[in-house]
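Chains, contacts and geometry: an overview
Letter by letter, the chains look like this.
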Amino acid sequence: MSEKELHVISDGKLSWSALATIALQIYPYVTAIHIREKMKSLDEVFIGVQYLLEQGIPAKRVYVNGFPSIALALQTGGVQLPGTTPSLVIQDELCRGIQRIGVSVHHADEAKWREKEGADYVMFGHIFATNSKQGVPPRGLEQLRQLVNEINIPVIAIGGMTPARVQSVLDAGASGIAVMSGIWDAADPLGAVLAYQDELRQIEVS
Ligand SMILES: Cc1nc(C(=O)O)sc1CCOP(=O)(O)O
């Protein structure tokens, strides 16, 4: 894999079996598939992630949004913690056993704080307008550039990512991108992943 990261974020709209079908096609070409199922309980997400792993998706390619205990128990590739996560959670014993910890941030100060706490990367957005964050102005490339300059851990850019926008985001210093609708709303999710990868210049299968 090239060093540029591609994170695919689940949108909470698919059944576990539909999610598994697509995840099985795309996992060789992505850094991680984030299981972000905001309307589901811890138990439901635990059972769902376990099912995905049973279907053959490698645990290292799965990041669990919001539930560090699931990431730890199933030894997934990582956890994505929301920006509202209390400070101690990252330094907590629980998180020490998790392979990779990402935190969502919306400001450079938050990014610096999370880096100090031990986050392995931050996800910053939304960069461009997106249906997922209506009514909140996008933060744009300039804020992305400034934030990248303030910390030393990777910054993954999220929000309104299209293949055509990838280069500008990498030029601003992002280590990669995270995509939701660009994959799940596509008629051909695998084709969409490959189109992003084409821009990230990491086509090879790992
Ligand atoms: C899950 C999420 N978090 C964001 C943030 O700004 O923190 S934006 C976002 C959704 C991104 O969806 P799409 O790729 O369809 O624009």
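Since the structure is predicted, the reported quantities are computational estimates derived from the model, not experimental observations.

It is worth spelling out the UniProt feature "domain: Thiamine phosphate synthase/TenI" (unreviewed entry) in the protein chain at this point. Feature annotation in UniProt assigns "domain: Thiamine phosphate synthase/TenI" (unreviewed entry) to the following positions: residues 19-183. When the span residues 19-183 is considered, its composition is 41% helix and 18% strand, and the gap between its end C-alpha atoms is 12 Å.

Attention shifts here to the site of the ligand. Of all residues adjacent to the ligand, which total 13 residues, the nearest are H126, T130, G160, M180 and S181. Between H126 and the ligand, the recorded distance is 2.9 Å, taken from a backbone N or O atom to an oxygen atom. One nitrogen or oxygen atom from the main chain of M180 is found 2.8 Å from an oxygen atom belonging to the ligand. The fraction of the free accessible surface of the ligand (420 Å²) that becomes covered by protein chains is 94%. Of the residues contributing to the shell around the ligand, the split by class is three nonpolar, eight polar and two charged.

What follows concerns the sheet that holds strand β7 (residues 155-158). Pairing within the closed barrel is parallel, and its eight strands lie in the order β1-β2-β3-β4-β5-β6-β7-β8. Neighbouring strand axes in the sheet, compared pairwise and without regard to direction, differ in orientation by 25° on average. One ladder, built from four bridges, connects strand β5 (residues 101-105) with strand β6 (residues 121-124); its direction is parallel. Within the sheet, the bridge partner assigned to S104 lies in β6 and is M123. The sheet strands contacting helix α10 (residues 189-200) are β1 (5-9) and β8 (176-179), and the helix crosses β1 at an angle near 155°.

Conventions and cut-offs
Residues take numbers from 1 onward in each chain, read along the sequence in its written order. Reporting in this predicted model follows two pLDDT cut-offs: at least 70 for local features of residues, and 80 or more for side-chain atom pairs to be given and counted; totals over whole chains, interfaces and linings ignore these cut-offs and use all residues. Neither water nor hydrogens contribute to the side-chain values; these are computed over all heavy atoms in the structure. UniProt positions are given in the numbering used here, feature names are shortened, and annotations may be inferred rather than shown by experiment. Each helix is a run of DSSP H or I of at least 4 residues and each strand a run of E of at least 2, with the numbering of both proceeding from the N terminus. We call a residue near a given molecule or strand whenever any one of its heavy atoms falls within 4 Å of it. We call two N or O atoms a polar contact when they sit within 3.5 Å, provided that within protein one can donate a hydrogen and the other can accept it, with sequence-adjacent residues counted only if both atoms are side-chain atoms. All accessibility values rest on the Shrake-Rupley procedure with a 1.4 Å probe; residue burial counts only the protein chains present in the view. Three classes are used, and their members are as follows: Ala, Val, Leu, Ile, Met, Phe, Trp, Tyr, Cys and Pro are nonpolar, Asp, Glu, Lys and Arg are charged, and the others, Gly among them, are polar. Strand pairing is assigned whenever DSSP detects at least two bridges linking the two strands. Angles run from 0 to 180 degrees between N-to-C directions of axes, and those axes are lines fitted to C-alpha atoms, restricted for helices to the stretch in contact. By definition in these notes, contact holds between two residues if any of their heavy atoms fall within 4.5 Å.

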